[in-house]
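This is what each chain is made of:
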Amino acid sequence: MPPTEAPGQAPDPAADSDQVFRLQEEVRQLKEAVVSHAVVDQAIGVVIALGGVTPDEGWIVLKDVSQHTNIKLRNVAETILIWGRTGVMPPGILAALGARLGRPGLSGPPSGSPRVSGRSSR
């Protein structure tokens, strides 16, 4: 939105600076949202593979785990992705995920995921 100036008035540098700041903040928030969306989508993929559910059901599972554990959805998603790579997940999130997928004994990452025991598998 361009600054409002009366005809014949010089531009207000303070108003321009404020607008630049607002636009930079908006760009930062949009970039963060894009990254967050990608993380959530990938975590839904893990839930789909793990639970044999549809994408819509995967979203609901992720949302339910977030609400049940009182942890932000993006943080739950990041934790699930880390779990898929390392086999490590906080017990509360793991229990909530297992319960929601009808697999209360869930302990490890989806089959085919590497388990890391402190040393490189390469």
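Report on the accompanying structure. (Residues numbered from 1 in each chain as written. Predicted model: local features only at pLDDT ≥ 70, side-chain atom pairs only at ≥ 80, totals over all residues. Heavy atoms only, no water.)

## Looking at the packing of helix 1 (residues 13-51) against helix 2 (residues 55-69)
Inference 1: Where helix 1 meets helix 2, the closest approach of the two axes is 8 Å, and the angle between their N-to-C directions is 105°. The angle between the axes of helix 1 and helix 2 places the two elements in the roughly perpendicular class. Contacts between helix 1 and helix 2 involve Val40, Ala43, Ile44, Val47 and Ile48 from the former and Pro55, Gly58, Trp59, Val61 and Leu62 from the latter.
Inference 2: In the contact of helix 1 with helix 2, the residues fall into nine nonpolar, one polar and no charged. (Axes fitted to C-alpha atoms, helices over the stretch in contact; angles between N-to-C directions. Helix = DSSP H or I, 4+ residues; strand = E, 2+ residues; numbered from the N terminus. Parallel < 35°, antiparallel > 145°, perpendicular 65-115°, else oblique. Contact = heavy atoms within 4.5 Å. Nonpolar A, V, L, I, M, F, W, Y, C, P; charged D, E, K, R; others polar.)

## Considerations on the pattern of salt bridges
Inference 1: If you walk through the whole model with that rule in mind, you get four salt bridges.
Inference 2: In this structure, Glu25 engages Arg28 in a salt bridge whose closest nitrogen and oxygen atoms are separated by 2.6 Å. One end of the pair is Glu25 and the other is Arg28, both in helix 1 and three residues apart, which spans about a single turn.
Inference 3: In this structure Glu25 comes out as partly exposed when scored by relative accessible area, which is 26%.
Inference 4: The salt bridge partner of Glu78 is Arg74, with a shortest N-O separation of 2.9 Å. Residue Glu78 and its partner Arg74 are located together in helix 3 (residues 73-86), separated by four residues, close to a single helical turn.
Inference 5: A relative accessible area of 29% places Glu78 in the partly exposed class.
Inference 6: A single salt-bridge network, built from bridges that share partners, covers Glu25, Arg28 and Glu32. (Salt bridge = Lys/Arg side-chain N within 4 Å of Asp/Glu carboxyl O. Buried < 20%, exposed > 50% of the residue type's maximum accessible area, 1.4 Å probe, protein only.)

## Topic: unusual backbone geometry
Inference 1: Within the chain, Asn70 stands out as a residue other than glycine whose phi angle is a positive 60°.
Inference 2: You can see Asn70 is positioned in the loop between helix 2 and helix 3.

## Comments concerning helix 1
Inference 1: Taking 1.5 Å per residue, 39 residues should reach 57 Å; helix 1 reaches 57 Å between its end C-alpha atoms and fits that length.
Inference 2: Those residues of helix 1 lying buried are Gln19, Ser36, Val39, Val40, Ala43, Ile44, Val46, Val47 and Leu50.
Inference 3: Against the buried residues of helix 1 lie helix 2, helix 3 and helix 4 (91-100). (Expected span 1.5 Å × (residues − 1).)

## Considerations on the environment of Gly52
Inference 1: Residue placement: Gly52 occurs in the loop between helix 1 and helix 2.
Inference 2: According to the relative accessible area criterion, Gly52 is exposed, its value standing at 67%.
Inference 3: Separated by 49 residues in the primary sequence, Gly52 and Leu101 have C-alpha atoms spaced 9.0 Å apart.

## Focus on the packing of helix 2 against helix 3
Inference 1: Where helix 2 meets helix 3, the closest approach of the two axes is 9 Å, and the angle between their N-to-C directions is 110°. The pairing of helix 2 with helix 3 is recorded here as roughly perpendicular in orientation. Considering how the two elements wind past one another, helix 2 and helix 3 form a crossing that is right-handed. Where helix 2 approaches helix 3, its residues Trp59, Leu62, Lys63, Val65, Ser66 and Thr69 are matched on the opposing element by Leu73, Val76, Ala77 and Ile80.
Inference 2: Looking at side-chain class alone, the contact of helix 2 with helix 3 contains seven nonpolar, two polar and one charged residues. (Left-handed = near helix turned anticlockwise from the far one by under 90°.)

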